[in-house]
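# Examining the three-dimensional arrangement
Here is what each chain is made of, one letter per residue.
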Amino acid sequence: MPFSAVAHASVMPADPDQDAVARAGTLRVLTCGSVDDGKSTLIGRLLHDTRFVREDEAATLALDSRRWGTTEGELDFALLVDGLEAEREQGITIDVAYRFFATPRRAFVLVDAPGHEQYTRNMATGASNADLAVLLVDARKGLLDQTRRHAAIVALLGIRHVVLAVNKIDLIGFDAERFDAVTADFRAVAGPLGFASITAVPISARFGDNVTAKSARTPWYAGPPLLRCLETLDTGEAQRAAQPFRFPVQWVNRPNLDFRGVSGTVATGRIAVGDPVVVAASGLMTRIERIVTFDGDRSGAVAGEAVTLTFAEPIDVARGDLLADPKQRPAVTRRFAANLVWMADAALKAGRRVLIKTGSGASATASATRIVHRLEIATLATQSADRLALNDVGRIELETPAPLALDPYAENRETGSFILIDPATHATLAAGMVIEALDGARDVHRHPALINAAARARAKSQVPLVAWLTGLPGSGKSTIANLAEARLHALGHHCAVLDGDALRQGLNADLGFEPAARSENVRRVGEVARLMTEAGLIVIVALVSPFRADRERVAELFPEGRFLEVFVDAPVETCRARDPKGLYAKADSGKILGFTGRDAPYEAPLAPAIVLDTTREIAELSAERLAALIHARATATSASSLDSADL
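First, a word on scope: everything that follows refers to the structure included in this document. (Residues numbered from 1 in each chain as written. Predicted model: local features only at pLDDT ≥ 70, side-chain atom pairs only at ≥ 80, totals over all residues. Heavy atoms only, no water.)

### Some thoughts on the overall build of the chain
From N to C terminus, the chain includes 18 helices and 30 strands. Looking at the 647 residues of the chain, the share that counts as buried comes to 51%. A sequence separation of at least 24 residues applies to 72% of the contacts in the chain between residues at least 6 apart. As displayed, the chain has an accessible area near 28,700 Å², and 52% of this comes from carbon and sulfur atoms. (Helix = DSSP H or I, 4+ residues; strand = E, 2+ residues; numbered from the N terminus. Buried < 20%, exposed > 50% of the residue type's maximum accessible area, 1.4 Å probe, protein only. Contact = heavy atoms within 4.5 Å. Areas by Shrake-Rupley, 256 points an atom, 1.4 Å probe, with all protein chains shown as cover.)

The following block contains the structure:
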């Protein structure tokens, strides 16, 4: 049967009312489902019936339908979006295709996401900015595992509205009972996912039934056609404007010496001239002096608008910073839980180091400290796991060396999303959604200091840094640290020694010696050392710190070149012979358990700044060499030239 005889959809006007479209807002629609459910055909049908197919595209479509089509010579609408050669040969969607069209009521961006499980990562990419998901189901097959997978990912990615398009209704004789059964099955699956709305529509994407107009072949269906569902959905723009103000800084705008502003798009909320704002991470506050646009100054701006902001009082702001309402701030944290869609071939395991880029544009290194669980797609139950494989969805915990400003994704999709990146290849590894900060103290925000780290360093005429001495018990760390401090003091430097035993008697007296407690011991010492360097001091740490990953995490707290890992190298036989505190003897007698060098491991540095071999040289010579290295680093940059960027 020729196409013209079976088209049941009315044709929309080619020139929509632009004012009406602007009022409704652009709707970003994700189409997803299992392989061969008809996603690409549906998009092609929508484009064709709304006259968003150009004459040359129509001619190409007719030619390609004869060459590649699967519709027995009729127009194969899937070919309008299945652009890759591999897709046409296999009859599946691999890449993510984006198409624009508009009706008199609204503008749309359609996202055709892959259906095959192998390309779940592509589907997650397409879903990241969508307002609504059209989830297609083959009326003959009903719900499949991939349908459940896509529904779960759609929910995790914060899409609150779903249209269940029960496609190929023509192939089951427009059976109302079958449609009702598929709809009931999906509502049962979707119940735990918390969608705000689910609308089920029986359609035939191939022939146009209930796509852009009601079909006479489904008299039992009382609802609207698919297009009307899309046209009338509230996108939540008003809700975004009512959320707390968030402004990711995309660019520090300095066209000349007389103008300095920050450019970006208001993610959520609204801002007006005179309003107070805070840089979430630093706590620095100011007021908005001007709101500048290409068309001139404005008195205010709301979510979705791109503007440049200038400040009444100058403050330090950089690309990736997040401006916020001082009374409704995001969490500023180094540790947080997140849902993750893992997109890499190599599995994610605890301890893996990655790069993170947040929705606000901030970038940092990060460590996956724990795999909490993975989601079993078939049942939507969670299972304990020690890794996430390709296309797995799961919950993890992440830690960064510097605090990040984040909102829970459920509250703010703009500032609660992130991606993980391979630091070696720069390939995207995962899409993530923040669940919550893991800090015990919530709603705690940094108060800006009147004197910054650079000013303190200039006052001491030195570049503050940390020399972290690691090695086995008895290797000579504390002795060398004290001798090096004395030498540096004689040279006029301001120093402090953080000794592991002294800290164990005070700050860390509550910690034991099991691996988790050892890691926490190192973390606390690193934080204290960071605070001391911000005071302008040179800090010498003497700490066994047996695990390489713990030392690497501490190193990331400091600017490049300001953390010197010092390996105090002595074999266990030498340390045991010295045994200055009798610890090896106690370990041998069973009085000390988990003693490093005997029954607990030690991981030597791979690339230390300096190696002090205390079996070959006396402690005084090792201390002299260490002091010389620190003195050279601490005076390499003139203290008078230091600024905030240096520190």
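### Regarding the environment of Pro 546
By the secondary structure assignment, Pro 546 is in the loop between strand 28 (538–542) and helix 15 (548–555). As for Pro 546 and Ser 519, which are separated by 27 residues in sequence, their C-alpha atoms are 8.8 Å apart. Not counting the four nearest positions on each side in its chain, Pro 546 is found in contact with Arg 518, Arg 551, Thr 596, Pro 601, Tyr 602 and Glu 603.

### Remarks on the packing of aromatic side chains
Scanning the entire structure with this criterion turns up nine aromatic pairs. Ring geometry for Trp 468 against Phe 563: centres 5.9 Å apart, planes inclined by 40°, an arrangement best described as tilted. In this pair, Trp 468 sits in strand 26 (residues 466–470) while Phe 563 sits in strand 29 (residues 563–569), placing the two residues 95 residues apart along the sequence. Note on accessibility: Trp 468 and Phe 563 belong to one class, buried. Linked through ring pairs, Phe 179, Trp 220 and Tyr 221 together constitute an aromatic cluster. Looking at Arg 504, its charged tip hangs above the ring of Phe 513, at a distance of 4.0 Å from the centre. (Phe/Tyr/Trp six-rings, centres within 6.5 Å; stacked < 30°, edge-to-face > 60°. Lys NZ or Arg CZ within 6 Å of the ring centre and 35° of its normal.)

### Overview of helix 3 (residues 39–49)
The buried fraction of helix 3 is high, at 10 of 11 residues. If you check which residues of helix 3 are buried, you get Lys 39, Ser 40, Thr 41, Leu 42, Ile 43, Gly 44, Arg 45, Leu 46, Leu 47 and Asp 49. Of the residues flanking the end of helix 3, it is Arg 51, one or two places downstream, whose phi is positive at about 60°.

### Structural notes on the side chain of Thr 614
Note that Thr 614 resides in the loop between strand 30 (610–613) and helix 18 (619–634). By relative accessible area, which is 10% here, Thr 614 ends up buried. Within the structure, the side chain of Thr 614 is placed 3.0 Å from the backbone oxygen of Ser 475, a separation counted as a polar contact. (Polar contact = N/O pair within 3.5 Å; in protein donor to acceptor, adjacent residues only side chain to side chain.)

### Describing the sheet that holds strand 30
One open sheet holds the five strands; their spatial order is 27-28-26-29-30, and the pairing between them is parallel. The open sheet is flanked by strand 27 (495–499) and strand 30, the only strands paired with a single partner. Put simply, the sheet's adjacent strands are angled 20° from each other on average, direction ignored. Of the strands in this sheet, strand 26 and strand 29 touch helix 15, which is tilted by about 150° from strand 29. (Pairing = 2+ DSSP bridges. Axes fitted to C-alpha atoms, helices over the stretch in contact; angles between N-to-C directions.)

### Concerning the pattern of salt bridges
Scanning the model with the defined rule gives 34 salt bridges in all. Residue Asp 145 pairs with Arg 148 through a salt bridge whose shortest N-O separation is 3.6 Å. Residue Asp 145 and its partner Arg 148 are both found in helix 7 (residues 145–156); the two are separated by three residues, about one turn of the helix. Taken together, the shared-partner salt bridges in this structure form one network comprising Arg 334, Glu 399, Glu 527, Arg 530 and Glu 534. (Salt bridge = Lys/Arg side-chain N within 4 Å of Asp/Glu carboxyl O.)

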